[in-house]
Amino acid sequence: MIAAFIIPVFKVINMALDLYWWVIIVMAVMSWLLAFDVINMRNDLVRSLWNMSNALTEPVLRPIRRFIPPLGGMDLSPIVLLLLLSFIQMELGEVAAALVRAAYS
């Protein structure tokens, strides 16, 4: 009975994590493009995308950066966050599968 309610909640959480995954990718790619001056902040679209992605990712990346400082000028915190999100998604899948098995056994 509870699996009928929890499974859709897990699916919504999984979709939100997928969306957040792409926001991190966009932020990382934009940071590289800004660093190599391929795009610049004078463009309104670039500035608004950068501000949005920074507002969404910086609160989560900041604590990671405290433990993993940039190595040789490379910020590894987005990679760590993507790995963490993948781990969370795998664990949610395992919990959902266990709930389904428990509901039908």
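If you're wondering where the values come from, they're calculated on a predicted model, not measured in any experiment. (Residues numbered from 1 in each chain as written. Predicted model: local features only at pLDDT ≥ 70, side-chain atom pairs only at ≥ 80, totals over all residues. Heavy atoms only, no water.)

Caption draft 1: How the structure looks around the overall build of the chain. Per the secondary structure count, the chain includes three helices and zero strands. Helices and strands appear in the chain in the N-to-C order α-α-α. At 18 Å, the chain has a C-alpha radius of gyration far larger than the 13 Å of a compact globule built from 105 residues. Overall size of the chain, expressed as C-alpha extent along the three principal axes, is 60 × 30 × 20 Å. For the chain, the residues scored as buried account for 24% of the 105 residues in total. If you take every contact in the chain between residues at least 6 apart in sequence, the share linking residues at least 24 apart comes to 58%. Between the averaged position of the 7 positive side-chain charges in the chain and that of its 7 negative side-chain charges there is a distance of 4 Å. (Helix = DSSP H or I, 4+ residues; strand = E, 2+ residues; numbered from the N terminus. Rg over C-alpha atoms; globule rule 2.2 N^0.38 Å. Buried < 20%, exposed > 50% of the residue type's maximum accessible area, 1.4 Å probe, protein only. Contact = heavy atoms within 4.5 Å. Lys, Arg positive; Asp, Glu negative; His and termini not counted. Charge placed at Lys NZ, Arg CZ, Asp CG, Glu CD.)

Caption draft 2: Focus on the side chain of Ser-77. With respect to the secondary-structure elements, Ser-77 resides in helix 3 (residues 77–103). Taking the relative accessible area as the measure of exposure, Ser-77 reaches 0% and is therefore buried. Among the polar contacts made by the side chain of Ser-77, one reaches the side chain of Arg-65 at a distance of 3.3 Å. Residues in contact with Ser-77, not counting those within four places in the same chain, are Leu-61, Ile-64 and Arg-65. (Polar contact = N/O pair within 3.5 Å; in protein donor to acceptor, adjacent residues only side chain to side chain.)

Caption draft 3: Main features of helix 2 (residues 44–67). Its 24 residues place the ends of helix 2 33 Å apart at the C-alpha level, agreeing with the 34 Å of an ideal helix rising 1.5 Å per residue. Of the positions making up helix 2, those classed as buried are Val-46, Trp-50, Ser-53, Thr-57, Leu-61 and Ile-64. Sitting at the amino-terminal end of helix 2 is Asn-43, which places a side-chain oxygen 2.9 Å from the backbone nitrogen of Leu-45. (Expected span 1.5 Å × (residues − 1).)

Caption draft 4: Fine view of the confidence of the model for the chain. Confidence in the prediction of the chain, expressed as mean pLDDT, is 92, and 99% of residues score 70 or more. When pLDDT is averaged over each element of the chain, helix 2 comes out on top at 95 and helix 1 (residues 2–35) at the bottom at 91. (pLDDT = per-residue confidence, 0-100.)

Caption draft 5: A look at the pattern of salt bridges. Going through the model one piece at a time under the given rule, you end up with three salt bridges. A salt bridge links Asp-44 to Arg-47, with the nearest nitrogen and oxygen atoms 2.2 Å apart. On the criterion of helical spacing, the pair formed by Asp-44 and Arg-47 is a turn pair, its members being three residues apart in helix 2. A salt bridge links Glu-58 to Arg-65, with the nearest nitrogen and oxygen atoms 2.6 Å apart. On the basis of relative accessible area, Glu-58 is assigned to the partly exposed category, the value being 21%. When salt bridges that share partners are traced, they join Glu-58, Arg-65 and Asp-75 into one network. (Salt bridge = Lys/Arg side-chain N within 4 Å of Asp/Glu carboxyl O.)

Caption draft 6: Molecular detail of the packing of helix 1 against helix 3. In contact at an axis separation of 10 Å, helix 1 and helix 3 are set at 165° when each is read in the N-to-C sense. Here helix 1 lies roughly antiparallel to helix 3, going by the angle between them. The way helix 1 lies across helix 3 gives a crossing that is left-handed. The class makeup of the residues in the contact of helix 1 with helix 3 is 22 nonpolar, three polar and one charged. (Axes fitted to C-alpha atoms, helices over the stretch in contact; angles between N-to-C directions. Parallel < 35°, antiparallel > 145°, perpendicular 65-115°, else oblique. Left-handed = near helix turned anticlockwise from the far one by under 90°. Nonpolar A, V, L, I, M, F, W, Y, C, P; charged D, E, K, R; others polar.)

Caption draft 7: Spatial organisation of helix 3. Between its first and last C-alpha, helix 3 extends 39 Å over 27 residues, near the 39 Å set by a 1.5 Å rise per residue. Buried within helix 3 we find Ser-77, Pro-78, Leu-81, Leu-82, Leu-85, Gln-89, Leu-92 and Ala-96. Of the surrounding secondary structure, the elements contacted by the buried residues of helix 3 are helix 1 and helix 2.

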